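Notes for the structure review
The primary structure of each chain is shown beneath.
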Amino acid sequence: MRKPTLHDVAAEAGVSYATADRVLNKRGGVAKKSQTRVEAAIAKLGYQRDITAANLSRRRLYRFHVLLPNAAGGFFASLRQLLSEQEEAQRKARQAITITPVPPFDPKALALEIDRAVGAGCDGLCVVAVNHPEVSAALGRARAQSIPVVTLVADSAESDRDCYVGIDNRTAGRTAADLILLSHRSHAQRGLILPVMGSLQARDHAERYAGFCEVVADQMDVLPPLETGDDPTRLNHLLTAALAAEPGITGLYNLGAGVPGLIAALDHRGNDNFAGRPVVVSHELCDATRKAVADGLIDAVIDQKPAQELSQALAALTALSDGLALDPTAGQITPAVHFKHNMPPQPAAGPNKGA
């Protein structure tokens, strides 16, 4: 059976198409009796408005602001490149995307840019959140103006946003822990594990760290995490010093960014696959981690699927801007774990080249 149209609604209600259209779009100027008949006809026929067609007819433009950490490489560079490569698709979807770089883990700067985006006028915000009262307050101001908010990769409190798009970070940490435990099965002594992260202030990093510790705490000794701010140079220096100070480290979990610094520190130590090199599990699938896995410096990479995250975030913003309810699973991303022999083909256009 065909879907009912607005013409069908008008005929059922005994009014003109123009009257039915005015009721549907809440433009007023319709007698209460006619409005009641149109609403009853909509309910009886099960009429559902074609939002896409309506927006095309009105030539609606979705003005979305995407606020991303301005990391020089890795995951967020991939997101920025993906956005820039999708200009044609965005134009067809009538999406005007403004990308705003924000210093990583800087809540004051992020709150300021959220307020600026709201002040400039936008139909939706996509934000990599930082767990801080100033950021929460800024998101609250945006939502108070009925601006949809989608958090990407790093979540905020549920009251701060409409939808979170990303992986389950606690589960990702537990998965990394499972990999570390498997690699230590033949060890006679307890393993000594060093987590490396950007900041515990970032909710995604804090959740990965918590999930990791939940699994390994009873069977491994876990050193205090290195907080690097996701800066590759700082990561290189801190990790090089840590490996020199504690040669008994048997496992590393890099749960943040700054991958080039991780690789530089491991490469400096040397590639001793058995006696001297710790088992290494890292986030971020990119050129650098692909090569590091091939070279034997990294054992496993957790891929957060940036292209899928970005696509679902923009789709969620569009639906929210149209006043549609989201599927509860709309933002769920299932990560993949890649090893040397199941590494996916390298993208031709290089959206994951940024490391």
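Reading the values: the criteria
Residues numbered from 1 in each chain as written. Predicted model: local features only at pLDDT ≥ 70, side-chain atom pairs only at ≥ 80, totals over all residues. Heavy atoms only, no water. Phe/Tyr/Trp six-rings, centres within 6.5 Å; stacked < 30°, edge-to-face > 60°. Buried < 20%, exposed > 50% of the residue type's maximum accessible area, 1.4 Å probe, protein only. Axes fitted to C-alpha atoms, helices over the stretch in contact; angles between N-to-C directions. Helix = DSSP H or I, 4+ residues; strand = E, 2+ residues; numbered from the N terminus. Parallel < 35°, antiparallel > 145°, perpendicular 65-115°, else oblique. Left-handed = near helix turned anticlockwise from the far one by under 90°. Contact = heavy atoms within 4.5 Å. Pairing = 2+ DSSP bridges. Core = buried A, V, L, I, M, F, W, Y, C linked by side-chain atoms within 4.5 Å. Salt bridge = Lys/Arg side-chain N within 4 Å of Asp/Glu carboxyl O. pLDDT = per-residue confidence, 0-100.

The next point concerns the packing of aromatic side chains. For the coordinates displayed, the defined rule picks out 3 aromatic pairs. Between the aromatic rings of Tyr62 and Phe64, the centroid separation amounts to 5.7 Å while the plane-to-plane angle is 35°, which identifies the pairing as tilted. Residue Tyr62 is classed as buried on the basis of its relative accessible area, which comes to 5%. On the accessibility criterion, Phe64 (0% relative accessible area) is buried.

On to the packing of helix α1 (residues 6-13) against helix α3 (residues 32-45). The description of two packed helices rests on the angle between their axes and on the distance between the axes. The contact between α1 and α3 brings their axes to 8 Å, and the two run at 120°. Between α1 and α3, the angle is such that the two are oblique. The two elements α1 and α3 meet at a crossing, and its hand is right-handed. Packed against α1, whose contacting residues are Asp8, Val9, Glu12 and Ala13, the element α3 presents Arg37, Val38, Ala41, Ile42, Lys44 and Leu45 at the interface.

Glancing now at the sheet that holds strand β1 (residues 62-69). With parallel pairing, the 5 strands of this open sheet are ordered in space as β2-β1-β3-β4-β5. Each edge of the open sheet is held by one strand with a lone partner, namely β2 (95-102) and β5 (163-165). Strand-to-strand twist of the sheet, defined as the mean angle between neighbouring strand axes without regard to direction, takes the value 20°. Summarising the sheet, strand β4 (residues 149-152) and β5 pair through 3 bridges and their orientation is parallel.

Turning to the nonpolar core, a few remarks are in order. Leu68, Phe76, Leu79, Leu83, Val150, Leu152 and Val165 are the most contacted members of the largest nonpolar core, which totals 27 residues. When residues of this core are traced back to their parent elements, those giving at least two are β1, α5 (75-85), β4, β5 and α14 (306-321). Per element, the largest residue contribution to this core is 6 residues, and it comes from α14. Aside from chain neighbours lying at most four places away, what touches Leu152 is Leu68, Leu79, Cys126, Val127, Val128, Tyr164, Val165, Glu309 and Ala313.

Applying the stated criterion across every chain, the model contains 15 salt bridges. Put simply, Arg63 and Asp123 hold a salt bridge, and the shortest N to O gap is 3.3 Å. Residue Arg63 is located in strand β1, and its partner Asp123 is located in the loop between α7 (107-120) and β3 (124-127); the two are separated by 60 residues in the primary sequence. Its relative accessible area of 17% is what places Asp123 among the buried residues. Here Arg174 and Glu214 are joined by a salt bridge, their closest N and O atoms 2.8 Å apart. Taken together, the positions of Arg174 in helix α9 (residues 169-183) and Glu214 in helix α10 (residues 203-216) put the pair 40 residues apart, joining distant regions of the chain. The exposure class of Glu214 is partly exposed, given its relative accessible area of 43%.

In this model, the chain carries an average pLDDT of 89, and 92% of its residues clear a pLDDT of 70 or more. Low pLDDT, under 50, characterises residues 350-355; the predicted model gives this stretch 24 contacts beyond four residues in sequence or across chains.

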